[in-house]
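For reference, the chains in residue letters:
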Amino acid sequence: MTKNLRVKTSKFIDETYKISFKFNGITYYGYKGDTLASALLSNDIHLVGRSFKYHRPRGIMTAGSEEPNAIVQLHNNTPRTEPNVRATEIEIYEGLEASSQNCWPSVNFDIGGINNFLSPVLPAGFYYKTFMWPASFWEKYEYFIRKSAGLGKSPTEPDPDIYEHKYIHCDILIIGAGISGIIAAKTAAKNGYKTLLVDEKPYLGGSTIYQNSEHFKINNQISSSWLEKEINEIKKIENLEIKTRTSVAAYHGYNFLLARENMTDHMPLEQRNDKIRHRLLKIRAKKVITATGSLERPLIFNNNDRPGILLSSAIEKYANFYGVACGEKNILFTNNDSAYETAISLYKKGINIEAIIDNREDIDSKLIKETEKNNIKVYKGYTVVDTSGYKRINKVSIMQLSKDGQKAIGPKISISCDCLGISGGWTPAVHLFTQSGGKLKFRDEDQVFIPNIYPSDQISIGSCNGDFTLDEILSTVPKTLKEFLNLKKTDYEDLEIKSSFNKSKRNIWLLPSDKVIGKTKPFVDYQNDATAKDIKLALREGFRSIEHVKRYTTTGMGTDQGKLGNMHALGIISETAGSKMSELGTTTFRPPYTPLTFGTIVGRNVGEYFDIIRKTPIHEWHVANKAEFENVGQWKRAWYYPKNGENMHDAVQRESKAARDSAGILDASTLGKIDIQGTDASEFLNRVYTNAWSKLAIGKCRYGLMLNEDGMVYDDGVTTRLDENHYIMTTTTGGAATVLGKLEDYLQTEWPELDVYLTSVTDHYATVSVCGPNSKKIISQVIPDLDFSDENFPHMSFKNAKIDKIKCRVMRISFTGEHSYEINIQANYGKSVWEKCMEAGKEFNITPYGTETMHLLRAEKGFIIVGQDTDATMTPIDLQMDWIVSKKKYDFIGKRSLYRSDTIREDRKQLVGLLTENPEEVLEEGAQIVADIKKSPVEMLGHVTSSYYSPNLKKSIALGVVRGGKKMMGQKLIIPMENKQINVTVADPVFLDKENKRLNA
Amino acid sequence: MFIINCPYCGEREQSEFKAGGEAHIIRPKQPTELSDDEWAEYLFMRKNVKGIQFERWVHTHGCRKWFNIVRDTSNDAIEAVYKMGEKPPTK
């Protein structure tokens, strides 16, 4: 039977609202206001999970987002399942189902627990050291290592929830709604600033709000009552927005912050439908006030990780806020006054305290006196040297500390217990400050890093700035705010403060044991099972940089990012290596502060909204005619049109043959189109293309090749001179945006004197391309008024025309090597022109073809595709396209680079044709090309870039790049494949109609 | 993410812009006169300093205009923004 450890009503818990939930399959009850952790503790459950490496039983350690141990899987085997949820953060709701992670078959009996007994042979770097050899075995090891790596299970079904992103602009963002944050919010908002206050918790007031001790008073009121009034007041301020359950994940430069607003995680599942689960807030703040508070430090001693060991401040919160006792026999172990606050709280709630162990010897303060007055035994100058109890602590062993704090001396005393609270002082939560680029300084007196240099308009206040006590906060925060916000006065000038906290602290990073360190397990990083021993080992093995030690030992690399133990890791390194903390620095704090779900990061960009989809004006026709599509950049392009259950190969063979035998039709609307106008347009083209443009007559078209300044082919396409000072340039589909960008760059920065204007008109026109021996007959039916004779309308020329009353441009240009025409018409008439061509072509078996057939046809003709037959290392000379490079022009982009020592090398990779010995054998694109297979190592000469079976030539054809290929015409080469070698002969890349008879037919 | 004060549009998010590398590298007027080394100097060599750097940026998702900025690479502070063709600020 489980016990009920709910002690006294708390106003934060609604005891009239009972909630049932399941943990590891068993039903428990809690109340509205409980977290999973507080509800489990009230049922006397501490054991929640197993540790990562040794599978040691672990319990709840904290009461906040810093929790390293109590991480659970929610709603296992459902689409909403989520791993690594902190039990200390998740609010319970009716129907919540949580289960333990990293254990099998159960958290109570875990096979992996054997690792705990193997731990002497599992030191830091175990995996690196063990699985190094033999190297060939890695693949076998990897399977098992991967299986045991990672915490929790990721969902396997689509996420049913909705997420969104939202921009917020404010004058002042305040992070953290503890006492400092509340004071800042009221001060900022009352002075007219548009203010946003966020806190990760569901309530306001931080830890002060459940502070009900007579020892901490403001204006003679208990601090929590005083703060409650302040909170009620700020809720009424209009220009102050308050967001709870909102965790700031990242703090970037220029006061740009990302926060996750949690909207539904506290609701029963059935209430979440159609609601937004998480909202990623993208906040731009003029000024940022960080009031993120501080985290209590644990103490590092032997076996400091057992279930039942919690931070002392967590025990206090469970008692005061949730009305839950963490145990019936409590012991507190401390190096400072904080534990006495806990002791007094517990005493007032009637929770039994067995003893307090304080490692300070000569101490006295009001809090200690009060504690001792209540007959609580305080062991001064003692330390815990060991604990026992496998699934729950049942005993601590204590010894006296030597004067230097390095040794445990005297007789060992054992005290039985079921809960141990530990307090090692406080660490300012400077994570967000350092993320923003802030520089820390180390304060020696209490061994903390605090903000020093601010990189943007921001300030840290309260305990995240190292002001821990009530009197420090209330004396510094108003002053800081006055200066930061440029105010004459705040509401917090003459407060009367009572704070009984004595700041003395005896900081010992690693507490001694009576055993040698090798026989102890003092955990520094609980989640990753990194011990002080591991850190010392890393130092012995020569690691010095804190970043290296972190990666070698995995300290601070869990889902909690070492929020608790990182300072101790630094301290132990500093002591062992004899270097100063201030010089060591901290490891880098990276976003997010607490884990974000992928849904939050992605927001609405899922499914069909993942990326923009661009469709041509003729798209619906392709869909209706059962085209298969391929993605070309963001475009959907018809790939091929299978008929009667054809596969891709058969469809492409049929389409390719039809295009050359009679007529084919292609939707070429995706090609980039740039309208170029201005008195210097011709000069401009001269400078950006390799060939000459000044003499191109009006009404003529020309193919151009564009290079980068390094001489490498960048883009190609046909440009038409529409008028004296007016051209239309086409680019590759994928290159449209970058070509325009590059041309603009040159125009604006290198040649601002040129009178040229560029406009992207890609989306304004639809392009229908009709090719094949019957193309002229078809087009002349569609445009009966135009004279299609070769004299009037030769290859590489253009005409303005009208289809019905609609103006269009007709170019006689060809990418297939066939006689062909391209009609460019206003986009919204594209589909009707396409249909007209189909209708007119019926008698000629006009065949729509897709990109695959287009690629095949152009390969037969030896036309390149930039990006397929070229990469960023091919010059026009390498492509055997010397003819397009003007010798006469003084300059063009990339010209000088064409005769650099490297680009004139004769053994560069050059484009050639490849013919297989067996004409039926089709090469694989990307296959390597070699000359001598026996030479070791085999020398790779190049690779196949395009390869097809040509139905028109009835043989396999391929293009490839081969080192020194130009001089290898007729030479035999080898394509080694997995199970065979294919013999090929180097050939001319133009396989079909070298004389261009078909073009001019 | 910075905020860049586009000289034509005003303050905008960095995501609207694209960086274009080091500023004030002038394309040689007579490239054919240059040796390989001199051409390589123009083509490949760029500074990468910690501190004040002169950079080209373009307002891609805005006015599409190129301009220059002076940025401190150590803290991303933008010290000055000026149009193409204008003299860089001296300080």
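The structure under discussion appears in the preceding block.
Residues numbered from 1 in each chain as written. Chains lettered and ligands numbered in written order. Predicted model: local features only at pLDDT ≥ 70, side-chain atom pairs only at ≥ 80, totals over all residues. Heavy atoms only, no water.

(A) Representation of the sheet that holds strand β17 (residues 309–311) of chain A in the model. All names here are of chain A. With parallel pairing, five strands are arranged side by side in an open sheet as β17-β24-β18-β19-β20. Two strands close off the open sheet at either side, each with one partner strand: β17 and β20 (377–380). Neighbour-to-neighbour, the strand axes of this sheet turn through a mean angle of 20 degrees, independent of strand direction. Of the pairings in the sheet, the one linking strand β19 (residues 353–358) to β20 comprises four bridges and is parallel in character. Bridging across to β20, I356 finds its partner in V378. Of the strands in this sheet, β17, β18 (330–334) and β24 (419–423) are in contact with helix α7 (residues 312–320), which crosses β17 at around 85 degrees. (Pairing = 2+ DSSP bridges. Helix = DSSP H or I, 4+ residues; strand = E, 2+ residues; numbered from the N terminus. Axes fitted to C-alpha atoms, helices over the stretch in contact; angles between N-to-C directions. Contact = heavy atoms within 4.5 Å.)

(B) Region of interest: unusual backbone geometry. Residues and elements named next belong to chain A. Look at the link from P591 to P592: it is a cis peptide, with omega at -5 degrees. With respect to the element layout, P592 can be found in the loop between α15 (581–584) and α16 (598–602). Of the consecutive residues S936 and P937, the connecting peptide bond is found in the cis state with omega at -5 degrees. Mapped onto the secondary structure, P937 falls in the loop between β46 (928–930) and β47 (940–950).

(C) Layout of a nonpolar patch on the surface. Where nonpolar side chains cluster on the molecular surface, the patch consists of A:W104, A:F109 and A:I111 and spans about 400 Å² of accessible area. Tracing the backbone through its elements, the reader meets A:W104 in the loop between β7 (97–100) and α2 (114–118). (Patch = residues over 30% accessible without salt bridge, like charges linked within 9 Å, V, L, I, M, F, W, Y side chains within 5 Å. Areas by Shrake-Rupley, 256 points an atom, 1.4 Å probe, with all protein chains shown as cover. Salt bridge = Lys/Arg side-chain N within 4 Å of Asp/Glu carboxyl O.)

(D) Quick look at the nonpolar core. Residue and element names in this part refer to chain A. With 113 residues, the main nonpolar core has L36, Y318, V396 and I422 as its most contacted residues. Here this core takes seven residues from helix α5 (residues 179–190), the largest share from any one element. Beyond its immediate chain neighbours, meaning those up to four positions away, I422 contacts M61, E296, R297, P298, L299, F301, I309, L310, L311, S312, F333 and Y526. By size, the runner-up hydrophobic cluster in this structure holds 32 residues, among which are I618, F793, W834 and F844. (Core = buried A, V, L, I, M, F, W, Y, C linked by side-chain atoms within 4.5 Å. Buried < 20%, exposed > 50% of the residue type's maximum accessible area, 1.4 Å probe, protein only.)

(E) Expanded view of the interface of chain B and chain A. Between chain B and chain A, the residue contacts involve 27 residues of the former and 28 residues of the latter. Counting each side, the surface lost to burial between chain B and chain A is near 2300 Å², with a carbon and sulfur contribution of 46%. Considering only the surface of chain B that becomes buried against chain A, B:M1, B:R27 and B:R64 emerge as the three largest contributors, covering 29% of it. Here chain B is connected to chain A by six salt bridges. B:R56 is the partner of A:D745 in a salt bridge, and the nearest nitrogen-oxygen pair spans 2.7 Å. Seen at the junction of chain B and chain A, the total is 20 residue pairs in polar contact (both at pLDDT 80 or more). Contributions of two or more residues to the side of chain B that touches chain A are made by α1 (36–44) and β6 (77–83) of chain B. Looking at which element gives the most residues to the side of chain B that touches chain A, the answer is α1(B), with five residues. A per-class count over the side of chain B that touches chain A returns 15 nonpolar, three polar and nine charged. (Buried area = accessible area lost by both parts, 1.4 Å probe. Polar contact = N/O pair within 3.5 Å; in protein donor to acceptor, adjacent residues only side chain to side chain. Nonpolar A, V, L, I, M, F, W, Y, C, P; charged D, E, K, R; others polar.)

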